[in-house]
Every structure is written in structure tokens, then in C-alpha cells.
Amino acid sequence: MKAAVFYGIEDMRVEEVEESICKDNEMKIKVEYCAICGTDVRIFYSGHKKVIPPAIIGHEITGVVSEIGKNVDYSEIKVGDKVVVVTSIGCGKCKMCENGFYNLCTDTKAIGYYYKGGFAEYLIIPENAVKQKAVIKLPENLSLLEGSIIEPLSCCINGQNYLNIKKDDFVLIFGGGPIGFMHACLAIACGCKNVVIVDPAYDRLLKFGKNFENIIFLNPNQVDIKKEIMKMTDGFGADVVITACPAKKAQIDAIEIAGSKGRISFFGGLPKDDSIIQIDSNIIHYKEISIFGSFASNRNDYIKAGELISSGKIDAKKFITDVISLENIVDGIKKIKNGEALKIVIKING
């Protein structure tokens, strides 16, 4: 089969590899689309401790079930079904796994990291993933292309599960990449009328933002964001702040800008060698601010993401700026790194 194989930093080659055999306790997917995640870009340029070259990465996957092992008991899935694949696979034994939080398993072995991913014509769903129902049938009216947006949207849903966003909330988002826009669209779907995205790459923000309605864009290079938000909220501050970027300043500013009873999501992680921030904890204390972490997502988040897209509350196609062939994957990665695209989806088969 054809696959994009990651051999090391800035070394990815599209080549023929041996097609994996579906064992009795596994499933096999014919991959149709796999979107490029920001993590895939970081792996290409910097590597990843859980990706051991040569490796096949990619985890924003949709495809068609091509084979089901004879021992698999998975009545809701049959050969020929259009499906999306859950990324996080837990050990199945720890406290988090017992509660269905496979993303928080201390021994998570994710698709596209530990297991081979979606930048290949076929994908094997390992036994643990089959047991955890990691293959989800797409809604009938949802295309495989639209379905490739489910994984990143599910991560945003997981982050917002903690935030209790209501229609009258003022929502501030740091980061104007695809994740920032997805957070904004989810807030709008909750009925929010005041949704702001801040990004220093303001020209890029405006370029991609023209496809989205009801979002306010601010340029931190030209305005003092804290003063501007206080002006917009009559001195109260934001009800919800989401840091959809790997920036210390965004996390520090989030605490200072949040109003009383504010909820903050540290959605974007910081670089592991530079992850310590200095904050005034009295702000959190006296304003009763809640700060939440967020990492990956789980099956229920995928199902909700699929429902939001299939119902039309979230328009998946707005996030997709390019659909390209597997042969052009490196060009797509470079295009994302250079800020020339919002979301690039790889067409794997056909």
C-alpha cells in the first residue's frame, strides 16, 4: 500500500509499504481522508517522544470499514460503513480507563503516534481500540471529507465540557488557528453573541476569518487586549477565556482578563522545556476563577462533534482550505507552518 513514512526530522517520504494483515481481534479501515493536525506539523519539524521512526502518523481519520476480524463483537459496525476513528487508546485497566477517560490513561497508546496512523491507504484498528469502540459510524448525511474535521472538533468539545458556556457569556479566545475558530463556532452554537479571537498574525486571522460570521477579531500588536476587553464588557472582564495557542503570555493574560466567576481553559499546551508561568493567585482567589486543562478527547466527544456537523450547527467545510493528494503531504505541512492554510485534508484513496 501507499503511505507517507516519517523517517526523522523534516524527512517524510511517500512510498510503497507492506499492507498490514487484519488479525482476528482487529478491524481494517480503507482510509479516505486524513487531515493534517498542528501536532503532525510539530512531529515533522521536531519529532515526538511517542513517534519512533520509521512511522506512519496522522490521526484525523475517516474511511470505510474493509475488514472485521472473526472474533470482533462490534454489532453497530459492518463492512462498508463510513467511519471516523478515535485517536486515544487506553490500557483499559487503570482508574481513568475504567471511567472511559482513555485520553488520560498514563499508558495511552494513540493512533498516529504509537500505532500506525492515517497517512496510508489502509489502517489497522488494534484490539484495545476495538474493545474501546474506537470506530464510530458517521451520520448518514455526513461526507467522509466533512468527517475529517470531527477529531479536532471533538478536542474542542472536550475542552468546553468544563466551561459551561451560556448564551450571554463573553468568550475570548487566544489563537486564530483552526482550533481557535472551532472554539469560536462552538461558543456561537451555544448562542453566544460576543465571541472574540485574538492573534498577532492579524492579516492571516482576517484572511481566514472572512468565512466566519459573528466573530470579533482583535490585533494585539495594535491594541491593549486587556483594556479593550474591559471596555467591551463595561469593566467586568470575560466570562470565558480559551488559550488555543502554546503561549505563556496568553495564559497569564487570561487570568488577568477573566471576570468574577470566570472560566479559563488552558487548551494549548506549552513547550515542555518552557512550561512554567508566574501568576497572581490572588486574582483566582478573590474572583473565584476556575482554570481547567484539556487534552485530546473521547468517544462521546466524537459523537457530539458528528452530530453538530450533520445538523448544520457547525459547518465543517468552512475550516477546510485545501484538499490535496498524499504525494503532496510535505508541501501541505509546510503550507500550514507558514500560515498559508487553515486546515489541509489529505485525500488518501482515489
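The numbering scheme is per chain: residues are counted from 1 as the chain's sequence reads. Local features in this predicted model are restricted to residues whose pLDDT is 70 or higher, and side-chain atom pairs enter the listing and the counts only when it is 80 or higher, whereas totals over whole chains, interfaces and linings include all residues. With hydrogens and water excluded, all non-hydrogen atoms of the structure serve as input to the side-chain values.

Draft legend 1. Quick look at the overall build of the chain. Helix and strand content of the chain: 12 helices and 15 strands. Here the globule rule is a power law, 2.2 Å times the number of residues to the power 0.38, and the radius of gyration is based on C-alpha atoms. Over its C-alpha trace the chain gives a radius of gyration of 20 Å, about what one expects of a compact globule, namely 20 Å for 350 residues. Its C-alpha atoms put the chain at 60 × 40 × 40 Å along the principal axes. Burial here depends on accessible area, computed with a 1.4 Å probe over protein chains only, as a share of the maximum for the residue type. Under 20% is buried, over 50% is exposed, and the range in between is partly exposed. Here the chain holds 350 residues, and 52% of them are scored as buried. When checking whether two residues touch, look at their non-hydrogen atoms; a contact exists if any pair is within 4.5 Å. A separation of at least 24 residues holds for 71% of the contacts in the chain among residues at least 6 apart in sequence. Values of accessible area rely on a 1.4 Å probe in the Shrake-Rupley scheme; residue burial ignores everything except the protein chains shown. Just so you have it, the chain exposes about 16100 Å², and 49% of that area is on carbon and sulfur atoms. Positive residues here are Lys and Arg, negative ones are Asp and Glu, while His and the chain termini are left out of the count. Note that the charge is assigned to NZ on lysines, CZ on arginines, CG on aspartates and CD on glutamates. Separation of charge centres in the chain, based on 43 positive and 44 negative side chains, amounts to 2 Å. The helix and strand labels rest on DSSP assignments: H or I over at least four residues marks a helix, E over at least two residues marks a strand, and numbering proceeds from the N terminus.

Draft legend 2. Representation of the sheet that holds strand β11 (residues 238–243) in the model. Taken together, six strands build an open sheet; the order of strands is β10-β9-β8-β11-β12-β13 and the sheet is parallel. Either end of the sheet is taken by a strand with one partner, and the two such strands are β10 (216–218) and β13 (290–293). Between one strand and the next, the sheet's axes are offset by a mean angle of 20 degrees, whatever the strand orientation. Think of it this way: DSSP has to see at least two bridges between two strands before they count as a pair. As paired elements, strand β8 (residues 170–174) and strand β9 (residues 194–198) share five bridges and run parallel to each other. Directly across from Ile173, in β9, lies its bridge partner Ile197. Axis definition: a line fitted to C-alpha atoms, limited for helices to the stretch in contact. Angles are taken between N-to-C directions and run from 0 to 180 degrees. Relative to the sheet, helix α6 (residues 178–189) contacts β8, β9, β10 and β11, its axis offset from that of β9 by approximately 175 degrees. Against the sheet, helix α9 (residues 248–257) engages β8, β11, β12 (258–266) and β13, with an angle of about 160 degrees to β12.

Draft legend 3. Focus on helix α11 (residues 299–310). The terminal C-alpha atoms of α11, which comprises 12 residues, lie 17 Å apart, in line with the 16 Å expected from a rise of 1.5 Å per residue. All of the buried residues along α11 are Asp301, Tyr302, Ala305, Gly306, Leu308 and Ile309. Buried residues of α11, seen end-on, are gathered within an arc of 160 degrees and therefore sit on one face of the element. The inward-facing, buried residues of α11 abut β5 (82–85), β7 (135–137), α4 (144–147), α5 (150–160) and α6. Positive phi shows up at Gly312, right after α11, with a value of about 90 degrees. Every helix has an expected span of 1.5 Å times one less than the residues it contains. The directions from the helix axis to the C-beta atoms form the arc being described.

Draft legend 4. Structural context of the nonpolar core. Grouped together as the largest cluster of nonpolar side chains are 93 residues, with contacts concentrated most on Phe119 and Phe181. Setting aside anything within four residues of it in sequence, one finds Phe181 in contact with Gly176, Ile197, Leu205, Phe208, Gly209, Phe212, Ile215, Phe217, Phe319 and Leu342. Joining through side-chain atoms within 4.5 Å is the link that ties buried Ala, Val, Leu, Ile, Met, Phe, Trp, Tyr and Cys residues into a set, and such a set is a nonpolar core.

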